Amino acid sequence: MDAISQWRKQWFDYIQYLRQEKGFLDDQFVQLKKLQDENSPDFVVEVISLFFQDSEKLLNNMANSFEQEVVDFKQIDAHVHQFKGSSASIGAMRIKNVCVTFKNYCEAQNMDGCLRCLQQLQQECSVLKNKLEKLLNLERQILAAGGSIPVLE
Amino acid sequence: MESGSASSSSKALMENIVDQPHVLAVDDNVIDRKLVEKLLKNSSCKVTTAENGTRALEFLGLGDHRHNSLEGNVSKVNLIITDYCMPGMTGYDLLKKIKESSVMKEVPVVIMSSENVPTRINKCLEEGAQMFMIKPLKQSDIKRLRCHLMNSRT
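Residues numbered from 1 in each chain as written. Chains lettered and ligands numbered in written order. Predicted model: local features only at pLDDT ≥ 70, side-chain atom pairs only at ≥ 80, totals over all residues. Heavy atoms only, no water.

(A) Focus on the overall build of chain B. Along the backbone of chain B there are 6 helices and 5 strands. Ordered by position from N to C terminus, the α and β elements of chain B give α-β-α-β-α-β-α-β-α-β-α. Sequence separation of 24 or more characterises 66% of the internal contacts of chain B that already satisfy a separation of 6 or more. Accessible surface, chain B as shown: approximately 7,800 Å² in total, 48% of it carbon and sulfur. (Helix = DSSP H or I, 4+ residues; strand = E, 2+ residues; numbered from the N terminus. Contact = heavy atoms within 4.5 Å. Areas by Shrake-Rupley, 256 points an atom, 1.4 Å probe, with all protein chains shown as cover.)

Dropping the structure here:
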């Protein structure tokens, strides 16, 4: 197997791992990839970057909200709602699921539950960022060598 | 669904929808705005995005500083697609304002939401929304939207 074929297989196996095995990503990620075309060859990278930039902002806002004397659970819920939306839109399944739990804790005004979720979100974001960077680097490698990325169905 | 005779502005809308419709997409979420824009552009639409209802109304010329369109009663856009859950003015509020406007009320409005709430959906359809779509949207949803809009013109 030549280098390109090997990398393509690696890419495919890694996507399977992220989707099936670990549930980091769901079908929406595949949909996202399908949107990319010759007119917007960096579309997926742009969306992912935007997601992590936005996440950082939301996580900081949430952390600040918890440090206030009177915690505004409605405000935090609004941030979580945004985060839930964005993560669903890019197919970040685990993050989305934490957001669902987080929203329930916000509604119940359960401080401990909320703080646990916040921590979980911070961790999940960090992990996903690493995983996606690995995936995207593999893609760059394949493309730089003149190969093409496998098409997912 | 609208009833009554097709006015000249409705005809113009129908013709435009076939070629390259101009769509106004409203969503407070930056990622969703980027996605819906791409989905629409992939379907040969011209797209303007707005991050909230107020900006959307300003773009449509229905804002606080109202101005009369000197070009007559033809709307700038052929379709408005808006998120439901937005802070301040919701998609439903925006829908109502659009339907209250003599210039804009003929323009189809589609509501999107990540939540599948039947009462919410019915409320929007009753207020005159053309369609209600569940997020995240796919390319097939936009195709369906275009077909539906073309077929609903009688």
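So that's the structure; there's more coming.
(B) Representation of the sheet that holds strand β5 (residues 131-134) of chain B. Residue and element names in this part refer to chain B. Across the sheet, which stays open at both edges, the 5 strands sit in the order β2-β1-β3-β4-β5 with parallel pairing between neighbours. Each end of this open sheet is capped by a strand with a single partner; those strands are β2 (46-50) and β5. Averaged over all pairs of adjacent strands, the angle between their axes in this sheet comes to 20 degrees, without regard to strand direction. Pairing between strand β1 (residues 22-26) and β2: 5 bridges, direction parallel. Pairing of Ala-25 across the sheet is with Thr-49, part of β2. Together, β1, β2, β3 (79-83) and β4 (109-113) form the strand contacts of helix α2 (residues 30-42), whose direction differs from that of β2 by roughly 165 degrees. (Pairing = 2+ DSSP bridges. Axes fitted to C-alpha atoms, helices over the stretch in contact; angles between N-to-C directions.)

(C) Up close: the pairing of β1(B). Residues and elements named next belong to chain B. The element β1 is extensively covered by neighbouring structure, given that 5 of its 5 residues are classed as buried. A two-sided burial pattern is seen for β1, the buried positions comprising His-22, Leu-24 and Val-26 on one face and Val-23 and Ala-25 on the other. At this point the chain moves from β1, through α2, to the parallel β2, and the crossover so formed is right-handed. Taken together, the 4 bridges between β1 and β3 define a ladder with parallel strand orientation. Each bridged residue has a counterpart across the sheet, and for Leu-24 the counterpart in β3 is Ile-80. (Buried < 20%, exposed > 50% of the residue type's maximum accessible area, 1.4 Å probe, protein only. Right-handed = clockwise from strand over helix to strand, strands pointing away.)

(D) Here's a closer look at the UniProt feature "modified residue: Phosphohistidine" (unreviewed entry) in chain A. Mapped onto the present numbering, the UniProt feature "modified residue: Phosphohistidine" (unreviewed entry) falls at A:His81. Within the secondary structure, A:His81 is located in helix α4 (residues 73-90). Overall, the relative accessible area of 18% leaves A:His81 in the buried class. Residue contacts for A:His81: discarding those within four places in its chain leaves A:Lys103, B:Cys85, B:Ser114 and B:Glu115. (UniProt positions renumbered as here; feature names shortened; annotations may be inferred.)

(E) Examining the side chain of B:Asp28 more closely. Inspection of the secondary structure assignment puts B:Asp28 in the loop between β1 and α2. Buried charge without a partner: B:Asp28 forms no salt bridge, and the closest opposite charge is B:Lys135, 6.0 Å away. Within the structure, the side chain of B:Asp28 is placed 2.7 Å from the side chain of A:Gln82, a separation counted as a polar contact. Those residues within four positions of B:Asp28 in sequence are excluded, and the remaining contacts are A:Gln82, B:Arg33, B:Glu51, B:Asp83, B:Cys85, B:Met86 and B:Pro87. (Lys, Arg positive; Asp, Glu negative; His and termini not counted. Salt bridge = Lys/Arg side-chain N within 4 Å of Asp/Glu carboxyl O. Polar contact = N/O pair within 3.5 Å; in protein donor to acceptor, adjacent residues only side chain to side chain.)

(F) Layout of the packing of helix α2 (residues 27-35) of chain A against α2(B). Interhelical geometry of α2(A) versus α2(B) gives an angle of 50 degrees and a closest axis separation of 10 Å. In terms of axis orientation, α2(A) runs oblique to α2(B). As for how α2(A) packs across α2(B), the hand of that crossing is left-handed. Note on element contacts: α2(B) touches α2(A) through B:Leu35, B:Lys38, B:Leu39 and B:Asn42, opposite A:Gln28, A:Leu32 and A:Leu35. (Parallel < 35°, antiparallel > 145°, perpendicular 65-115°, else oblique. Left-handed = near helix turned anticlockwise from the far one by under 90°.)

(G) Highlighting the state of the cysteines. Summed over all chains, the structure comprises 0 disulfides over all chains. The cysteine A:Cys106 is free of any disulfide, with A:Cys114 supplying the nearest cysteine sulfur at 3.9 Å. Here B:Cys124 stays free of any disulfide, with the sulfur of B:Cys85 as its closest cysteine sulfur at 10 Å. (Disulfide = S-S within 2.5 Å.)

(H) View of the interface of chain A and chain B. With 22 residues of chain A at the interface, the matching set in chain B holds 17 residues. On the surface where chain A and chain B come into contact, there are 3 salt bridges. A salt bridge links B:Lys34 to A:Glu46, with the nearest nitrogen and oxygen atoms 2.9 Å apart. Linking chain A with chain B are 9 residue pairs in polar contact (both at pLDDT 80 or more). The set of elements that each furnish at least two residues to the side of chain A that touches chain B consists of α2, α3 (43-67) and α4 of chain A. Per element, the largest residue contribution to the side of chain A that touches chain B is 8 residues, and it comes from α4(A). Across the side of chain A that touches chain B, the residue classes tally to 8 nonpolar, 8 polar and 6 charged. (Nonpolar A, V, L, I, M, F, W, Y, C, P; charged D, E, K, R; others polar.)

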